[in-house]
Amino acid sequence: ISPEPRSLPRAFLAMIWRSTLLRLRDSKTLTVLTFLSILMSIVLSVGFSPFIQNGYPYEPPLPALLEPWCPNYLDCTRSLSPGLEQLMFFLNVALGTVTMMGGTTLFSRDILVVSREGLAGVPTWLQGVAKLCVDFPYTIYYPSVFTAIWVTLGHPGSASKWFALNIGLGWASSGIGTAISLSVAKENASLVSVVTSMFLSAFNGLYPPLTSLGGWYWLWELCYARWAAEATYALYTEHFVEQGIDIQRGADEYGYDISRFSYDIGVLWLLGLAFRVVGVLMLHRRVHGWELEDQAYEKLKDWWKQGCNKK
């Protein structure tokens, strides 16, 4: 029997409590992912931090005023940023992998209990929302650990913006992890997360650049790596803009807009929310099969019949 409407808040609180206890018991996952967050941040910083490398991975394009004196064999409108391009890829891979792995344990941890209660009448969507609420602090925690090490090791840009970027990236990628947890066997989820993170990181808008995509541009817009890469580019070159250098000229080569950092972060949060909605729908299908689709089909058929009868 389904819970009455007035009992839903009580049932929701009970689900929150049970999911919290289940999370606290899984100290192994917390330890491993915390260690990976620290390790990934240190490894990336060793390769890309200007403080450690004594060199900057980006050179802005030549000012427009000096272009007439630029040699013919050089394209002085382009920025020299091979290091930054690599960083924009590997940052998505590193942090995306850790947070995606965290998302893969969300629904698979006690799927049998969720299925049994769902078939007994407990709303499956409510169980999914409860688990997402309990998981939210962990979604913030892993990127925060990563970022605390990251800013300490000398990367340019304000700490608050790095936290905003990496937490947004972690929120989006962990949303995909929730869908992975219901798509593959539990023992294969971590491996699938690594492969998926590397695959999606290739859709960052660098190669091929966004300016060359034509009608396929929308596909990159649906990928979190594209927005995270644009925000990374803007944040890593922010101090050049403050010095009056036209960084947007170099960003135009890829199709980035460095003036919309907040917009990029907002899109990451919207994508993460959308991925979680998909995850809850997958959870409902896992428990109830095609019941939701059958109900929608029947309602659509009834609506169509009523419309035909009126005519």
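Okay, so let's go over this structure. (Residues numbered from 1 in each chain as written. Predicted model: local features only at pLDDT ≥ 70, side-chain atom pairs only at ≥ 80, totals over all residues. Heavy atoms only, no water.)

## Description of unusual backbone geometry
For step 1, the next point in the chain: Here the residue pair Tyr-207 and Pro-208 is connected by a cis peptide bond, since its omega of 0 degrees sits within 30 degrees of zero.
For step 2, the next point in the chain: Within the secondary structure, Pro-208 is located in the loop between α8 (189-201) and α9 (217-221). (Helix = DSSP H or I, 4+ residues; strand = E, 2+ residues; numbered from the N terminus.)

## A look at a nonpolar patch on the surface
For step 1, the next point in the chain: The grouping of Trp-216, Trp-218, Leu-219 and Leu-222 at the surface amounts to a nonpolar patch, some 460 Å² of accessible area in total.
For step 2, the next point in the chain: If you trace the backbone, Trp-218 turns up in helix α9. (Patch = residues over 30% accessible without salt bridge, like charges linked within 9 Å, V, L, I, M, F, W, Y side chains within 5 Å. Areas by Shrake-Rupley, 256 points an atom, 1.4 Å probe, with all protein chains shown as cover. Salt bridge = Lys/Arg side-chain N within 4 Å of Asp/Glu carboxyl O.)

## A word on the packing of helix α2 (residues 27-48) against helix α6 (residues 124-152)
For step 1, the next point in the chain: Here α2 crosses α6 at 30 degrees, and the two axes come no closer than 8 Å. In terms of their interaxial angle, α2 and α6 are classed as roughly parallel. As for how α2 packs across α6, the hand of that crossing is right-handed. Here Thr-29, Leu-30, Leu-33, Thr-34, Ser-37, Ile-38, Met-40, Ser-41, Ile-42, Leu-44 and Ser-45 of α2 come into contact with α6, specifically with Tyr-138, Tyr-141, Tyr-142, Val-145, Phe-146, Ile-149 and Trp-150.
For step 2, the next point in the chain: Looking at the contact of α2 with α6 residue by residue, the class counts come to 13 nonpolar, five polar and no charged. (Axes fitted to C-alpha atoms, helices over the stretch in contact; angles between N-to-C directions. Parallel < 35°, antiparallel > 145°, perpendicular 65-115°, else oblique. Left-handed = near helix turned anticlockwise from the far one by under 90°. Contact = heavy atoms within 4.5 Å. Nonpolar A, V, L, I, M, F, W, Y, C, P; charged D, E, K, R; others polar.)

## Regarding the packing of aromatic side chains
Two measures describe an aromatic ring pair: the distance that separates the ring centres and the angle between the ring planes.
For step 1, the next point in the chain: Counting across every chain of the model gives 14 aromatic pairs.
For step 2, the next point in the chain: Arranged with centres 5.6 Å apart and planes meeting at 20 degrees, the rings of Phe-146 and Trp-150 form a pair that is stacked. Highlighted residues: Phe-146 and Trp-150, both in helix α6, separated by four residues, approximately one helical turn. For the pair Phe-146 and Trp-150, a shared accessibility class is recorded, and that class is buried.
For step 3, the next point in the chain: Three or more aromatic residues link up through ring pairs in this structure, and these residues are Phe-146, Trp-150, Trp-162 and Tyr-236. (Phe/Tyr/Trp six-rings, centres within 6.5 Å; stacked < 30°, edge-to-face > 60°. Buried < 20%, exposed > 50% of the residue type's maximum accessible area, 1.4 Å probe, protein only.)

## Describing α6
For step 1, the next point in the chain: The first and last C-alpha atoms of α6 sit 43 Å apart over 29 residues, in line with the 42 Å expected at 1.5 Å per residue.
For step 2, the next point in the chain: Along α6, the sharpest kink reaches roughly 35 degrees, centred on Asp-135 and followed within four residues by the proline Pro-137.
For step 3, the next point in the chain: Once α6 ends, the next one or two residues include Gly-154, with phi positive near 90 degrees. (Expected span 1.5 Å × (residues − 1). Bend = angle between axes of the 7 residues up to and from the residue.)

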